[in-house]
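In case you want the letters, here they are:
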Amino acid sequence: MSSVNLVAREVAVKIVFYGPGLSGKTTSLRKIYETVRPAHRGEMMSIATEGDRTLFFDFLPVKVERVNDCTVRLALYTVPGQVFYNATRKLVLQGADGVVFVADSQPEMMDANRESLANLEENLLEQGVRLERFPLVFQWNKRDIPKALPVADLRAALNPRNVPDFETEALSGRGVLDALKAITRLVIQDLRIKRIVPPPRPSTPAISSIGAPKASGGGGLEAQLSQHLASRSPAVTAPAAATAPAPAAVARPSRSMPAIVPQVQVVAPAVAPPALTGQRPLGPASALAPSDLFDHARAAEGSFSSGDYAACIQACLDAARRGLAFAGEGPLGAQAHLLQVNGGDLLKLQTLAARSSNRVDDAAFALYVLMQIFSRLHAAGLPAPATE
């Protein structure tokens with residue numbers, strides 16, 4: 001999921017809290033939410049069952065001030081702990097950049113810890129990712145319980161790689177931020193190795209609004225993370241030979257050697273395209289549509305072609321709702337988050353459907369939103385093929 005905006009120097013990463021049911025994943029996110037300043041956090045979304053278990057996910061976008069002059073945004077998710085929600089686990093885990101595994105320290109939960117860790121490895125492998133090469137941090141949670149297992153036993157059973165691990169008490173917050181800082185550092189290092197995160201620019205003193213240099217310190221989670229990551233980041237120095245030459249030294253093509261221009265051969269189609277009579281050719285929306293939504297996409301495109309833009313928008317909204325339902329039960333916004341569909345676009349589509357009159361550009365936007373949903377469904381492997 002990681003994405004980089006080179007112009008804004010912003011990096012967005014996705015971190016998933018994984019582990020057995022009731023191990024403390026959601027409680028950890030709540031504690032992080034309470035710690036982050038309101039200006040640097042988004043809304044925490046949670047869908048729970050009657051047993052207070054996270055059914056789908058918690059989503060908490062956190063903004064970190066700076067990491068080597070890049071702004072970092074953390075999208076924090078949790079997965080349902082119960083095994084029979086594995087399809088949702090896979091969906092939430094898709095595109096993750098790192099995992100915090102929250103293990104329950106109670107002796108009777110050791111089998112559940114092992115099962116959940118094996119499930120994590122299996123689900124990552126389906127995405128072509130090997131757990132031993134993936135940014136991972138362990139939380140040994142519920143350390144305040146008197147019968148908690150020794151950390152050495154937990155490490156021997158669950159952490160043979162000796163990745164960073166932390167004793168935590170999610171209710172009080174002890175150790176939770178340390179685990180978050182560690183996984184953020186590992187994710188940024190991994191993205192640098194993959195050349196996804198750009199190197200830092202030459203450092204210049206930051207100037208405050210009153211003209212004085214800004215202090216490097218600061219309170220809150222975002223300042224702690226920035227300071228922690230900056231202190232652990234390897235220095236990046238450019239070799240002297242890589243400096244840009246002066247304008248006069250820029251190489252120009254020689255007159256004796258003409259520039260090589262790639263030849264592009266345009267081949268005319270052997271057969272003329274069929275006349276638009278009888279059955280209409282597939283449009284972009286129907287070409288992307290899952291089989292269950294093909295008729296809805298065709299109806300939307302047919303209304304667009306005939307100029308009935310209101311009917312087109314309504315058909316797109318209906319197909320969008322049906323498509324998002326493949327992500328599982330819950331509010332439309334939660335389903336959109338699971339499929340990484342732009343919530344603002346979905347809200348605008350609902351607004352357009354409520355209007356009494358619409359223009360051609362409104363209908364075109366509706367088709368764009370529908371195709372966005374179809375693309376996300378295809379990437380997530382939904383709907384799942386029927387099994388006999």
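Here's what I pulled together on the structure shown here. (Residues numbered from 1 in each chain as written. Predicted model: local features only at pLDDT ≥ 70, side-chain atom pairs only at ≥ 80, totals over all residues. Heavy atoms only, no water.)

Here we take up the packing of helix α8 (residues 294-306) against helix α9 (residues 309-324). Running from N to C, α8 and α9 point in directions that differ by 165 degrees, and their axes come no closer than 7 Å. The pairing of α8 with α9 is recorded here as roughly antiparallel in orientation. Handedness of the α8/α9 crossing: left-handed. Of the residues in α9, those touching α8 at His-296, Ala-300, Ser-303 and Phe-304 are Tyr-309, Ala-311, Cys-312, Ala-315, Cys-316, Asp-318, Ala-319 and Arg-322. For the contact of α8 with α9, the residue count by class is 8 nonpolar, 2 polar and 2 charged. (Axes fitted to C-alpha atoms, helices over the stretch in contact; angles between N-to-C directions. Helix = DSSP H or I, 4+ residues; strand = E, 2+ residues; numbered from the N terminus. Parallel < 35°, antiparallel > 145°, perpendicular 65-115°, else oblique. Left-handed = near helix turned anticlockwise from the far one by under 90°. Contact = heavy atoms within 4.5 Å. Nonpolar A, V, L, I, M, F, W, Y, C, P; charged D, E, K, R; others polar.)

Within strand β5 (residues 70-78), 8 of the 9 residues are buried, which leaves the element mostly enclosed by the surrounding structure. Pairing between strand β2 (residues 10-18) and β5: 8 bridges, direction parallel. Bridge pairing in β5 places Phe-17 opposite Thr-78. (Buried < 20%, exposed > 50% of the residue type's maximum accessible area, 1.4 Å probe, protein only. Pairing = 2+ DSSP bridges.)

On to the pattern of salt bridges. Counted by the stated rule, this structure contains 15 salt bridges. For the salt bridge of Arg-359 with Asp-361, the shortest nitrogen-to-oxygen distance reads 2.9 Å. A single network of salt bridges, built from pairs that share partners, joins Arg-355, Arg-359, Asp-361 and Asp-362. (Salt bridge = Lys/Arg side-chain N within 4 Å of Asp/Glu carboxyl O.)

Burial analysis of helix α2 (residues 86-93) places 6 of its 8 residues in the buried class, the great majority of the element. Turning to α2, its buried residues are Asn-86, Thr-88, Arg-89, Leu-91, Val-92 and Leu-93.

Helix α3 (residues 110-126) packs onto α2 with a crossing angle of 55 degrees between their chain directions and a minimal axis gap of 10 Å. It follows that α2 is oblique to α3 by the angle criterion. The handedness of the crossing between α2 and α3 comes out as right-handed. When α2 is examined against α3, the residues Asn-86, Arg-89, Lys-90 and Leu-93 are found in contact with a partner set consisting of Ser-116, Asn-119, Leu-120, Asn-123, Leu-124 and Glu-126.

This part takes up unusual backbone geometry. In this structure, Pro-383 follows Leu-382 across a cis peptide bond, with omega equal to -5 degrees. One non-glycine residue, Asn-162, adopts positive backbone phi at about 60 degrees. Examined against the element boundaries, Asn-162 turns out to sit in the loop between α4 (151-158) and β8 (165-167). Residue Asn-162 is classed as exposed on the basis of its relative accessible area of 61%. One non-glycine residue, Gln-340, adopts positive backbone phi at about 60 degrees. Locating Gln-340 in the fold gives a position in the loop between α10 (332-338) and α11 (343-353). Its relative accessible area of 27% is what places Gln-340 among the partly exposed residues.

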